[in-house]
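# A closer look at the structure
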Amino acid sequence: MSCKKMRSIPERRAERWNDWRWQMRHRIRTLAQLCRRFPALADTTGMEATAQRYPMAITPYYASLIRTPDASDPVFQMAAPGLDELADPLWLAPDPLEEDADMPVPGLIHRYEDRALIMATTTCAMYCRHCTRKRVAGRRESVLSVAALKRIAAWLREHPEIRDVIVSGGDPLTLPTAMLQRILDAVRRVPSVDILRVGTRVPVVLPMRVTDELCAMLRQYHPLYINTHFNHPAEITPDSAAACERLADAGVALGNQTVLLRGVNDDAPLLADLFRRLLRQRVRPYYLFQCDPVRGIEHFRTPIARGIEIMECLRGRLSSLAIPNYVVDTPHGGGKIPLTPHAIVSTSSTHTVLRNFEGMIVAYPEPVRRDGGKSLFE
Ligand SMILES: *Cc1c(COP(=O)(O)O)cnc(C)c1O
Ligand code: SF4
């Protein structure tokens, strides 16, 4: 099947192109709309069925980054539904990280001692085909209710060990500013919470959402950290750079979480380029994620050895500011585990033998006096 017979509408930047609400309203949601936007789309096999199962949404802005509507295009691969998503190998689960089992109150995931994550909405500007929360994102576009937010705030007050609260989703920056503010406000009023974090892909897929109004609101809630999600140099544009610039100017510390995706970015020079460009737009690479074994994203997974190899290639060749931690979020709620190339060759009572990024073997002399088994957290 192909789209060739459809009438072509030339791409035209609408008058309201820079209005984020216009972008949200004009997202590509159906195969017919995708065909109208990309008349050259040659193979639509299985797209309809896939989009029924895992919703599609592509902002006109993000669609404008697609050069050719086929699998050779990284942006297209991350945005357009494909037949591969319907493959259901037995070892994949909809929720392998068992997040749903770690919810003490609805909408809040508690896995680590001092941190908790709020799922503020199930809506995103663009539904990533590789999404780890494919089981929820976009299934039914909904937002956290006022009652649920109250219960979350009450739970946080009863758990003063939580110092860092991550507002995630879905994508919280798709919320109206006032609604996002209500959430940040409720969390900020809990005295034991030190740090607020927001996880968002908006600077990548809907940069015009980062308005002066939004930044003015956010700057009232410092210390506020935002982690965004750039995966490919093609996503770095003057618009995305300007959005990050506005956030940084509002005092927000910016990090980035890249997902390692087969055929999209599993390449050391490409990632080196991405990470350097991120630093240039004031975003510090934070995590490189091993792709989770989630149902519907098998075709994006690479072996862990590939990620290790890439990290080995980056280390020493790139400013350490540009190098994220490579982590795997383990099945059964085991949490994130950092993966590093094997640096320790051997240990003895006098020396630890190490291997550097060029393969050189060096011995580090250990101190003569040791402190035995004293716990670091006494
Ligand atoms: C990733 C994650 C966090 C934050 O972990 P950091 O390593 O501090 O970035 C917190 N809660 C949940 C459930 C997470 O998945
Ligand atoms: S923006 Fe995040 S939550 Fe939304 S679809 Fe992409 S990866 Fe999933």
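Below or above, wherever it landed, is the structure these notes cover. (Residues numbered from 1 in each chain as written. Chains lettered and ligands numbered in written order. Predicted model: local features only at pLDDT ≥ 70, side-chain atom pairs only at ≥ 80, totals over all residues. Heavy atoms only, no water.)

### What about the site of ligand 2?
In the vicinity of ligand 2, the residues found are Cys124, Met126, Tyr127, Cys128, Cys131, Gly170, Arg201 and His229. Looking at side-chain class alone, the shell around ligand 2 contains five nonpolar, two polar and one charged residues. (Near = heavy atom within 4 Å. Nonpolar A, V, L, I, M, F, W, Y, C, P; charged D, E, K, R; others polar.)

### Observations regarding the pairing of strand S10 (residues 344-347)
Sheet topology places S10 next to strand S11 (residues 351-355); three bridges connect them, and they run antiparallel. In the strand pairing of S11, threonine 347 is matched with threonine 352. Counting the residues in the hairpin turn of S10 and S11 gives three residues. (Pairing = 2+ DSSP bridges. Helix = DSSP H or I, 4+ residues; strand = E, 2+ residues; numbered from the N terminus.)

### A look at the side chain of threonine 177
Inspection of the secondary structure assignment puts threonine 177 in helix H7 (residues 177-188). A relative accessible area of 7% means that threonine 177 is categorised as buried. Setting aside its immediate chain neighbours within four residues, threonine 177 contacts Arg209, Glu213, Leu214 and Met217. (Buried < 20%, exposed > 50% of the residue type's maximum accessible area, 1.4 Å probe, protein only. Contact = heavy atoms within 4.5 Å.)

### Here's the deal with helix H10 (residues 238-249)
With twelve residues, H10 should cover 16 Å at 1.5 Å per step; its first-to-last C-alpha distance of 16 Å lies within 8% of that length. Every buried residue of H10 is listed here: Ser240, Ala243, Cys244, Leu247 and Ala248. The buried residues of H10 all sit within an arc of 135° when viewed along its axis, so they share a single face. The positive-phi residue at the C-terminal boundary of H10 is glycine 251, with phi of around 85°. (Expected span 1.5 Å × (residues − 1). Arc of directions from axis to C-beta.)

### Focus on the packing of aromatic side chains
By the definition in use, this model includes three aromatic pairs. Ring geometry for tyrosine 286 and tyrosine 287: centres 4.4 Å apart, planes at 50°, overall tilted. When its relative accessible area of 15% is taken as the criterion, tyrosine 287 is described as buried. Cluster of aromatic residues (ring-pair linked, three or more members): Tyr286, Tyr287 and Phe289. Over the aromatic face of tyrosine 112 sits the side chain of arginine 115, whose NZ or CZ is 4.4 Å from the ring centroid. (Phe/Tyr/Trp six-rings, centres within 6.5 Å; stacked < 30°, edge-to-face > 60°. Lys NZ or Arg CZ within 6 Å of the ring centre and 35° of its normal.)

### Structural notes on the sheet that holds strand S7 (residues 284-289)
The strand order S1-S2-S3-S4-S5-S6-S7-S8-S9 describes an open sheet built from nine strands, whose pairing is mixed. The outermost strands of the open sheet, each flanked by one partner alone, are strand S1 (108-109) and strand S9 (335-338). Of the pairings in the sheet, the one linking strand S8 (residues 325-330) to S9 comprises four bridges and is antiparallel in character. Residue pairing for S9: threonine 330 is matched across the bridge by glycine 335.

### As for the packing of helix H6 (residues 146-158) against H7
Taken N-terminus to C-terminus, the directions of H6 and H7 make an angle of 20°; their axes are 9 Å apart at the nearest point. Here H6 is positioned roughly parallel relative to H7, judged by the angle of their axes. The two elements H6 and H7 meet at a crossing, and its hand is right-handed. On the side of H6, the interface is formed by Val146, Leu149, Ala153 and Leu156, while H7 contributes Arg182, Ile183, Ala186 and Val187. Here the residues of the contact of H6 with H7 are counted per class, giving seven nonpolar, no polar and one charged. (Axes fitted to C-alpha atoms, helices over the stretch in contact; angles between N-to-C directions. Parallel < 35°, antiparallel > 145°, perpendicular 65-115°, else oblique. Left-handed = near helix turned anticlockwise from the far one by under 90°.)

### Digging into the sheet that holds S10
If you walk across this open sheet you meet the three strands as S10-S11-S12, and the pairing is antiparallel. The sheet is open, and its two borders are formed by S10 and strand S12 (361-365), each paired with just one other strand. Sheet twist, expressed as the average angle between the axes of neighbouring strands with direction ignored, equals 20°. In this structure, S11 lies alongside S12, joined through five bridges in antiparallel fashion. Within the sheet, the bridge partner assigned to valine 353 lies in S12 and is alanine 363.

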